[in-house]
Structure formats: structure tokens, C-alpha cells
Amino acid sequence: MATTPDTVPSIPGEEEDGDAVRRDAAPAESSRASRSWWDRNADEYQDEHGEFLGDDRFTWCPEGLDETEARLLGPAGSLDGLTVLEIGSGAAQCSRWLAAQGARPVALDISFRQLQHSRRIDLGRGAEPVAVVQADAAVLPFADGAFDLACSAYGAVPFSADTAALMREVHRVLRPGARWVFSVTHPIRWAFPDEPGVEGLTATASYFDRTPYVEQDESGQATYVEHHRTLGDRVRELTAAGFQLLDLVEPEWPDGLEQEWGGWSPLRGQHIPGTAIFVARRG
């Protein structure tokens, strides 16, 4: 995974306290908050989750679904020679796995500090650095039809205020027939408190409430923003942008995985899905 926070802080049912609220957040405010939040927290995130992510693994989610087995991007051997855009790449762990398959990845992230961690890993390995670009995923700095494939493991999509525009941008930079595969927190989780224990198993808010979750400072400026869309919203955004939905994967919690990641836990994983992975193809 690239840029998944320790929690998916959807606080439905909790009392708003001035620091964490549910309110509207425009694209510019959301983008600014994401950039500053990940720049501040990249070091801690990589320290805490670097071992789980590995330096060159492609892990889709806290459930540990690995692209080596899942093959959501295509059959074994099919990535060789493809130009691939990883969106919300964090330290580009997934891009290194793609490069090992013979692909030519470009790792894009809004956070400069996350991309510095990518360079740190490459220097430590003595490997050819992954190509990185700092940019907002809703305004991709690439030519039309520049890529054969796009992917995102918990990167960018949950933090974008206008994911319909993001989907259009991804469609624009892909060649006809190219896949776009991305994972996000399963939308049903927004109806439940983000807690790993039994308190996280009782729905306390409306699944249909799309009001963003916002952490803000004393002046009311957003410091972290996350946006909710229903499953239907995601499908409509994809099809409106010109994609065909091929699959919707809801990974089950695997036997033997005891590690918790924020609100993801063996207990919750046995009862409700934590991740949704959308597999789409550009028309």
C-alpha cells in the first residue's frame, strides 16, 4: 500500500469536538491538507508500516492481499514493457514491484516527503531510482494516452474532493483498453465507528452521508480531509469517465493475520469488509 493512514477516521456517531468534524471541504482545501498532512507524517508512517509494506512489494490493503497472487493488473508476464502510473504512491513500494516485473513505472504522490522516502529506499538498495512526480492526482501532469496501466493502493482517491474529475484525468492519460485498478476503504465502513474492537461492529451513522471527515486546527483550517463515496457513486464515476467496471474485489481477512492497522482487525475482518478494489478498463 502507498498512503493509507493508521485509521480511516470517519467518526460517524461520535460527538464533533472542533478538532474533528464532518463538514464540506473544497478541492483546494482538501489538496492542501493532504499535502501538508503527509509531509508531516511520512516519517512516522514509514517507520511504523515500512516492514509490512516492504521495499518492493505490491500490497493492496491491510488484509494483506498481494498483487503477486491476486493478479488484478493482469496475468503473470503481462506487465513486461508497460508504462505504468502509480497514483498516491507514498514511498513507491508498489512501483518497485512493477519494475521487477519489467514495467516502466512512474510514482506520483502529492507529498514531497513521501517521495523523499522513495529516494531513500532506492539509495539504500543501490538500485536504479524509481521515477517520481509530485502532483495532485486530480490534475495529472502528463500527455493524453501516456500510460498503458494505472493503479493506486489506497492512494489519492479517498483524499480527493472531486473524484469524478480524478477519474476523468486517469482516463485521459491512459491508452484505450488500459486497466485502472485502485483500492480504497470499503464504503460500508463509513457507517461504523473506526475502532478495531466490538465497538466497531455497530453501525452508528448513515452510509449515505457523503459529508467529508475533516481534522482542523484552532483557526478552522483543515489539516486532514477524507471523502466518502458509496459503492454506487464509485461505479457511476467510473462509467461516466469512460471506464468499464470489470471486477469489484472485497478481500476477506486471512487466517493467521493478527496484525491490526487502525480500525482494521481480525475481529472486524470476520464480520464486515474493510477494503474495496475496483478493476476497470478504459474504453
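Residues numbered from 1 in each chain as written. Predicted model: local features only at pLDDT ≥ 70, side-chain atom pairs only at ≥ 80, totals over all residues. Heavy atoms only, no water.

Take the packing of aromatic side chains next. Under the defined criterion, the tally for this structure stands at 15 aromatic pairs. Ring geometry for Trp38 and Tyr45: centres 5.4 Å apart, planes at 90°, overall edge-to-face. In this structure, Trp38 and Tyr45 share a single accessibility class: buried. Taken together, the ring pairs connect Trp37, Trp38, Tyr45, Phe52, Phe159, Tyr213, Tyr224 and Trp261 into an aromatic cluster. A cation over an aromatic ring shows up here: Arg57 above the ring of Phe52, its NZ or CZ 5.9 Å from the ring centre. (Phe/Tyr/Trp six-rings, centres within 6.5 Å; stacked < 30°, edge-to-face > 60°. Buried < 20%, exposed > 50% of the residue type's maximum accessible area, 1.4 Å probe, protein only. Lys NZ or Arg CZ within 6 Å of the ring centre and 35° of its normal.)

What follows concerns the state of the cysteines. Evaluated as defined, the whole model comprises zero disulfides. Not part of a disulfide, Cys94 finds its nearest cysteine sulfur in Cys151, a span of 6.5 Å. Relative accessible area serves as the criterion here: at 0%, Cys94 is assigned to the buried category. (Disulfide = S-S within 2.5 Å.)

With that settled, the discussion passes to the packing of helix H5 (residues 163–173) against helix H6 (residues 231–241). Here H5 crosses H6 at 40°, and the two axes come no closer than 9 Å. When the axis of H5 is compared with that of H6, the two are oblique. For the crossing formed where H5 meets H6, the hand is right-handed. Contacts between H5 and H6 involve Thr163, Ala164, Met167, Arg168 and His171 from the former and Arg234, Glu237, Leu238 and Ala241 from the latter. Looking at the contact of H5 with H6 residue by residue, the class counts come to four nonpolar, two polar and three charged. (Axes fitted to C-alpha atoms, helices over the stretch in contact; angles between N-to-C directions. Helix = DSSP H or I, 4+ residues; strand = E, 2+ residues; numbered from the N terminus. Parallel < 35°, antiparallel > 145°, perpendicular 65-115°, else oblique. Left-handed = near helix turned anticlockwise from the far one by under 90°. Contact = heavy atoms within 4.5 Å. Nonpolar A, V, L, I, M, F, W, Y, C, P; charged D, E, K, R; others polar.)

All right, on to the nonpolar core then. Proteins that are soluble and globular tend to have nonpolar side chains buried together. With 33 residues, the main nonpolar core has Phe58, Trp60, Leu73 and Leu98 as its most contacted residues. Residue assignment for this core shows that the elements contributing at least two residues are helix H1 (27–53), helix H3 (93–100), strand S5 (147–153) and strand S10 (275–282). Excluding its chain neighbours within four sequence positions, the residues that come into contact with Leu73 are Phe58, Trp60, Glu67, Leu79, Leu98, Leu149, Cys151, Arg179 and Val181. Of all hydrophobic cores here, the second largest spans 27 residues; its members include Leu108, Phe147, Leu174 and Leu238. (Core = buried A, V, L, I, M, F, W, Y, C linked by side-chain atoms within 4.5 Å.)

Time to look at the sheet that holds strand S6 (residues 174–185). Ordered by their spatial adjacency, seven strands build an open sheet running S4-S3-S2-S5-S6-S10-S9, and the pairing between neighbours is mixed. At either margin of the open sheet sits one strand with a lone partner, and together these are strand S4 (131–134) and strand S9 (243–249). Adjacent strand axes in the sheet meet at a mean angle of 20°, parallel and antiparallel pairs treated alike. Bridging between S9 and S10 involves six bridges; their strand directions are antiparallel. Note that in S10 the partner of Phe243 across the bridge is Arg282. Helix-sheet contacts for H5 involve strand S2 (83–87), S5, S6, S9 and S10, and the interaxial angle to S6 is about 145°. (Pairing = 2+ DSSP bridges.)

This part takes up H3. Burial within H3 is extensive, with six of its eight residues counted as buried. Within the span of H3, buried status applies to Gln93, Cys94, Ser95, Arg96, Trp97 and Leu98. Buried residues along H3 sit in contact with H1, helix H2 (67–70), S2, strand S3 (104–109), helix H4 (112–125) and S5. Just beyond H3, the residue with positive phi is Gly102, at close to 95°.

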